[in-house]
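If you want the building blocks of each chain, they are given just below.
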Amino acid sequence: AADAARTVKGRVTDENGAAADGTVTAVSELSGGSTGVLIDHGEGMETVYAYLSSASVQPGDAVSRGQALGQSAAQLYFELRQSEAAVDPTERMDLQ
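Quick notes on the rules
Residues numbered from 1 in each chain as written. Predicted model: local features only at pLDDT ≥ 70, side-chain atom pairs only at ≥ 80, totals over all residues. Heavy atoms only, no water. Pairing = 2+ DSSP bridges. Helix = DSSP H or I, 4+ residues; strand = E, 2+ residues; numbered from the N terminus. Buried < 20%, exposed > 50% of the residue type's maximum accessible area, 1.4 Å probe, protein only. Core = buried A, V, L, I, M, F, W, Y, C linked by side-chain atoms within 4.5 Å. Contact = heavy atoms within 4.5 Å. Phe/Tyr/Trp six-rings, centres within 6.5 Å; stacked < 30°, edge-to-face > 60°.

The next thing to look at is the pairing of strand β7 (residues 68-82). Sheet analysis places strand β5 (residues 45-55) next to β7, joined by nine bridges and oriented antiparallel. Bridge pairing in β7 links tyrosine 49 to phenylalanine 78. Of the strand pairs in this sheet, β7 and strand β8 (residues 85-87) are connected by three bridges, and their pairing is antiparallel. Residue pairing in the sheet places glutamine 82 in a bridge with alanine 85 of β8. Linking β7 back to β8 in an antiparallel pair, the connection comprises two residues, with serine 83 at a positive phi of about 50 degrees.

So, in structure tokens, the structure goes:
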């Protein structure tokens with residue numbers, strides 16, 4: 001879907017929080033040297049966070065809504081997946 005992902009501008013020092021409670025399933029170095037985090041929220045829902053300059057979580061960590069995941073590198077890529085398909089996060093979560 002065209003509106004399935006969001007790129008949010010920020011400052012390099014901004015910490016980015018989890019959109020909902022869940023379990024970290026992956027922390028990976030991405031091309032260009034940024035870091036990505038994948039969180040499983042249950043019932044087929046996952047969130048993806050990319051363009052992080054560093055991650056403060058590890059696979060297996062339980063996270064709460066708003067808990068810091070790491071610092072952004074001037075912007076954050078955010079994607080919500082339902083049953084592995086990207087969906088518009090504004091339709092599924094309390095995001096603005």
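Negative phi is the rule for most residues except glycine; trans is the rule for most peptide bonds. One non-glycine residue, glutamate 43, adopts positive backbone phi at about 55 degrees. The class for glutamate 43 is exposed, based on a relative accessible area of 80%. A positive phi angle, close to 50 degrees, is found at serine 83, a residue other than glycine. Mapped onto the elements of the fold, serine 83 is located in the loop between β7 and β8.

Ala18, Ala19, Val24, Val37, Ile39, Tyr49, Leu52, Val57, Val63, Leu69, Leu76 and Phe78 together form the largest nonpolar core, which totals 12 residues. Those elements that provide at least two residues to this core are β4 (35-42), β5 and β7. No other element matches the three residues that β7 contributes to this core. Residues within four places of valine 37 in sequence aside, it is in contact with Val24, Ala26, Val27, Thr47, Val48, Tyr49, Leu52, Ala55 and Val57.

Bringing the pairing of strand β3 (residues 22-29) into the picture now. Working note: regular strand, side chains alternate between the two faces of the sheet. Note that β3 and strand β6 (residues 62-63) share two bridges and pair antiparallel. Within β6, the position partnered with glycine 22 by the bridge is valine 63. For β3 and β4, the ladder comprises six bridges, and the chain directions are antiparallel. Each bridged residue has a counterpart across the sheet, and for alanine 26 the counterpart in β4 is leucine 38.

A word on the environment of glycine 60. Turning to its location among the elements, glycine 60 is positioned in the loop between β5 and β6. The class of glycine 60 is exposed, set by a relative accessible area of 56%. Taking the C-alpha atoms as reference points, glycine 60 and threonine 25, separated by 35 residues in sequence, lie 6.0 Å from one another. The residues touching glycine 60, leaving out its near neighbours within four places in the chain, are Thr23 and Val24.

This brings us to the packing of aromatic side chains. Evaluated as defined, the whole model comprises two aromatic pairs. With a centroid separation of 6.2 Å and an interplanar angle of 75 degrees, the aromatic rings of tyrosine 51 and tyrosine 77 are classed as edge-to-face. Of the two residues, tyrosine 51 is situated in strand β5 and tyrosine 77 in strand β7; the sequence distance between them amounts to 26 residues. Classification of tyrosine 51 as partly exposed rests on a relative accessible area of 34%. Since its relative accessible area comes to 23%, tyrosine 77 is described here as partly exposed.

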